[in-house]
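Listed below, chain by chain, are the residues.
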Amino acid sequence: MIDLAKFEDMVTFRQEDEDGNIALDRVDILELLDMIRQTEKDAARYRWLMQNAKLGIGRNGRDWDLQIDGPAPDLISEVGEWIDNRMDWRM
């Protein structure tokens, strides 16, 4: 999860100059760029899921699941990496 509140607090409490600008150092900007890249990657995974998963309806329409072709990852913690590998394969 990306902690934008942390970056927002850092920006909010910086001293403004007479034009209302604040100074961000190189590390701050690189951290923000890293957050944006991670957000873009998460959004790409979501879009991939929406385009490649099939919706399965369970008992009496009371539950559901997503079905994706291919071998299942062993652990839920491996799903993101599995999707990343699958996205690379399909490109």
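Residues numbered from 1 in each chain as written. Predicted model: local features only at pLDDT ≥ 70, side-chain atom pairs only at ≥ 80, totals over all residues. Heavy atoms only, no water.

1. So, the overall build of the protein chain
Across its full length, the protein chain holds 3 helices and 2 strands. Listing each helix as α and each strand as β along the protein chain from the N terminus yields α-α-β-β-α. Its C-alpha atoms give the protein chain a radius of gyration of 20 Å, more than 25% over the compact-globule value 12 Å for 91 residues. Projected onto its principal axes, the C-alpha positions of the protein chain cover 65 × 35 × 20 Å. Restricting to contacts in the protein chain with at least 6 residues of sequence separation, those with at least 24 account for 33%. (Helix = DSSP H or I, 4+ residues; strand = E, 2+ residues; numbered from the N terminus. Rg over C-alpha atoms; globule rule 2.2 N^0.38 Å. Contact = heavy atoms within 4.5 Å.)

2. Comments concerning a nonpolar patch on the surface
Where nonpolar side chains cluster on the molecular surface, the patch consists of Leu24, Ile29, Leu30, Leu33 and Ile36 and spans about 390 Å² of accessible area. Topologically, leucine 33 is positioned in helix H2 (residues 26-52). By relative accessible area, which is 34% here, leucine 33 ends up partly exposed. (Patch = residues over 30% accessible without salt bridge, like charges linked within 9 Å, V, L, I, M, F, W, Y side chains within 5 Å. Areas by Shrake-Rupley, 256 points an atom, 1.4 Å probe, with all protein chains shown as cover. Salt bridge = Lys/Arg side-chain N within 4 Å of Asp/Glu carboxyl O. Buried < 20%, exposed > 50% of the residue type's maximum accessible area, 1.4 Å probe, protein only.)

3. Concerning the pairing of strand E2 (residues 64-67)
Where strand E1 (residues 54-57) lies against E2, 4 bridges are found, and the strand directions are antiparallel. Counted as the bridge partner of leucine 55 is leucine 66 from E2. Counting the residues that bridge the hairpin from E1 to E2 gives 6 residues, and of these asparagine 60 lies at a positive phi of roughly 50 degrees. (Pairing = 2+ DSSP bridges.)

4. Some thoughts on the confidence of the model for the protein chain
Looking at the protein chain as a whole, its pLDDT mean stands at 84, while 95% of the residues score no less than 70. Highest mean pLDDT in the protein chain belongs to H2 (89); lowest belongs to helix H1 (residues 4-12) (78). (pLDDT = per-residue confidence, 0-100.)

5. A word on the packing of H1 against H2
Relative to each other, H1 and H2 sit at 150 degrees, their axes nearing to 11 Å. Viewed along their axes, H1 and H2 adopt a mutual orientation that is roughly antiparallel. The chirality of how H1 crosses H2 is left-handed. Only Asp28, Glu31, Leu32 and Met35 of H2 make contact with H1, whose side of the interface consists of Leu4, Lys6, Phe7 and Met10. A breakdown of the residues in the contact of H1 with H2 according to their chemical character gives 5 nonpolar, no polar and 3 charged. (Axes fitted to C-alpha atoms, helices over the stretch in contact; angles between N-to-C directions. Parallel < 35°, antiparallel > 145°, perpendicular 65-115°, else oblique. Left-handed = near helix turned anticlockwise from the far one by under 90°. Nonpolar A, V, L, I, M, F, W, Y, C, P; charged D, E, K, R; others polar.)

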